[in-house]
Amino acid sequence: MAAALIELAGIERIFQLGDSAVHALRCLQLSIAAGEYVAVMGPSGSGKSTLLNLLGLLDRPNAGTYHLEGRDVTTLSAEEQARVRSERIGFVFQSFHLVPRLTAAENIALPMILAGIAPAQRTQRVVQTLRDYGLENRADHRPDQLSGGQRQRVAIARATIMQPAVILADEPTGNLDRATGEEVMRLLEALNGHGVTLIVVTHDQALGARARRQLLMEDGALEHDSASPAGGKDANDANDACALPT
Ligand code: ADP
Ligand code: MG
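Residues numbered from 1 in each chain as written. Chains lettered and ligands numbered in written order. Predicted model: local features only at pLDDT ≥ 70, side-chain atom pairs only at ≥ 80, totals over all residues. Heavy atoms only, no water.

## Things to note about the site of ligand 1
Formally: A single heavy atom is enough: if one lies within 4 Å of a molecule or strand, its residue is considered near that molecule or strand. Any N or O atom pair separated by 3.5 Å or less is treated as a polar contact, with the protein-specific requirement of one donor-capable and one acceptor-capable atom, and with residues adjacent in sequence counted only for side-chain atom pairs. The accessible surface values rely on the Shrake-Rupley method and a 1.4 Å probe; as for residues, cover is taken only from the protein chains in view.
Neighbouring residues of ligand 1: Phe15, Leu17, Val22, Ala24, Pro43, Ser44, Gly45, Ser46, Gly47, Lys48, Ser49 and Thr50. Within the side chain of lysine 48, a nitrogen or oxygen atom sits 2.8 Å from an oxygen atom of ligand 1. A distance of 2.9 Å separates an oxygen atom of ligand 1 from a polar atom in the side chain of serine 49. Bound to the protein, ligand 1 loses 62% of the 560 Å² it would expose on its own.

Written out as structure tokens, the structure is:
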């Protein structure tokens, strides 16, 4: 069998705030293959964003290992992680996270600047991408001059310009009306149709049901995995890779 795109084993994430500790992820085991479309669901505070941030190398676990494309990325330096992030991972957030002072074209070009791509090639790719996303007339607009749907299209364009292996989307339609949200989901699903692995956090049941696989988080644990008949919890109980009692 081909190596999984994403392989988590015994992942723990504990946030220490003064005297109190929040156990945000508890001994997570998870394997995701290249090309999958996965919805991460569960109540507010169950650890969905914490999981996505770890998958996106925006955060590090307190214990456990994360293999991305067969490579242990937990032990990489911050610089090496940044490189993997810029080349292999695209992020889409609920609140867009665009740079307010930069135009749409400049926001889309950012990952290429970080990756050291030459200006001429950057310009060419930005022009093409603006066209692909129907934003050619918005190139010089700043985020506050764009609608919510246009902002999220800029964010998706930025997330995909480096042709990542995986797109991590945290409540991507959370700030959009239904019709615009639908448009954004179709864009993300079209990317998945072209082979990009898509992981979407949502608390919208209908949205989650569109994915081919559903993960249910509860209190930091994987409570259910539609791809695993025994369920994530049983898998966890049977596993002794956990560093801490769950
Ligand atoms: P969800 O995305 O499912 O709503 P989160 O992953 O954001 O949940 O949060 C899981 C738990 O971890 C919550 O109890 C939250 O308060 C806590 N948490 C998340 N991030 C931090 C942080 N940076 N510092 C302290 N606690 C945090
Ligand atoms: Mg969240």
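After that view of the structure, there is still more to cover.
## Regarding the pairing of strand β10 (residues 221–225)
If a strand is regular, its side chains alternate between the two faces of the sheet. Note the following rule: The pairing criterion is simple: DSSP has to find at least two bridges between the two strands. Here a helix means four or more residues in a row that DSSP labels H or I, a strand means two or more in a row labelled E, and each is numbered from the N terminus.
Bridging between strand β9 (residues 213–218) and β10 involves four bridges; their strand directions are antiparallel. Counted as the bridge partner of methionine 217 is leucine 222 from β10.

## Digging into the layout of surface pockets
By rolling a water-sized probe across the atoms, one finds the places where empty space is left. For clarity, the threshold we go by: Lining residues are those with an atom within 4 Å of a point, where the points come from a 1 Å grid over the protein atoms alone and group into cavities, where a 1.4 Å probe fits but cannot get out, or pockets, open sets with protein on both sides within 12 Å along at least five of seven lines. Grid points are joined across faces, edges and corners, and a volume is the space filled by probe spheres set on the points. Here the nonpolar group is Ala, Val, Leu, Ile, Met, Phe, Trp, Tyr, Cys and Pro; Asp, Glu, Lys and Arg are the charged ones; every other residue, Gly included, is treated as polar.
Within this model, the largest pocket holds a volume of roughly 510 Å³. Taken together, 21 residues form the lining of the largest pocket, with Arg85, Ser86, Ile89, Pro111 and Leu114 sitting closest to its centre. Breaking the lining of the largest pocket down by element, the ones donating at least two residues are α2 (78–88), β6 (89–93), α3 (104–114) and α5 (148–160). Sort the elements by how many residues they give to the lining of the largest pocket and α2 lands first, with five residues. For the lining of the largest pocket, the per-class residue count stands at 13 nonpolar, four polar and four charged. Taken as a whole, the second largest pocket spans an internal volume of roughly 330 Å³.

## Description of empty space enclosed by the protein
For the structure shown, the criterion picks out one cavity of 30 Å³ or more. Roughly 40 Å³ of volume is contained in the largest cavity. Tallied by class, the residues present in the lining of the largest cavity amount to five nonpolar, two polar and two charged.

## Section: α2
Rules: Relative accessible area decides the class of each residue, using a 1.4 Å probe on protein chains only: under 20% of the type maximum gives buried, over 50% gives exposed, and in between gives partly exposed. Any two residues whose heavy atoms approach within 4.5 Å at even a single point are treated as in contact.
Among the residues making up α2, those that are buried are Gln81, Val84 and Ser86. Buried residues in α2 make contact with β4 (63–68), β5 (71–72) and β6.

## Notes on the environment of glycine 56
Summarising the element assignment, glycine 56 is placed in the loop between α1 (48–55) and β4. Residue glycine 56 is classed as buried on the basis of its relative accessible area, which comes to 0%. Once residues lying within four places of it in the same chain are set aside, the contact partners of glycine 56 are Arg85, Ile89, Phe91 and Leu168.

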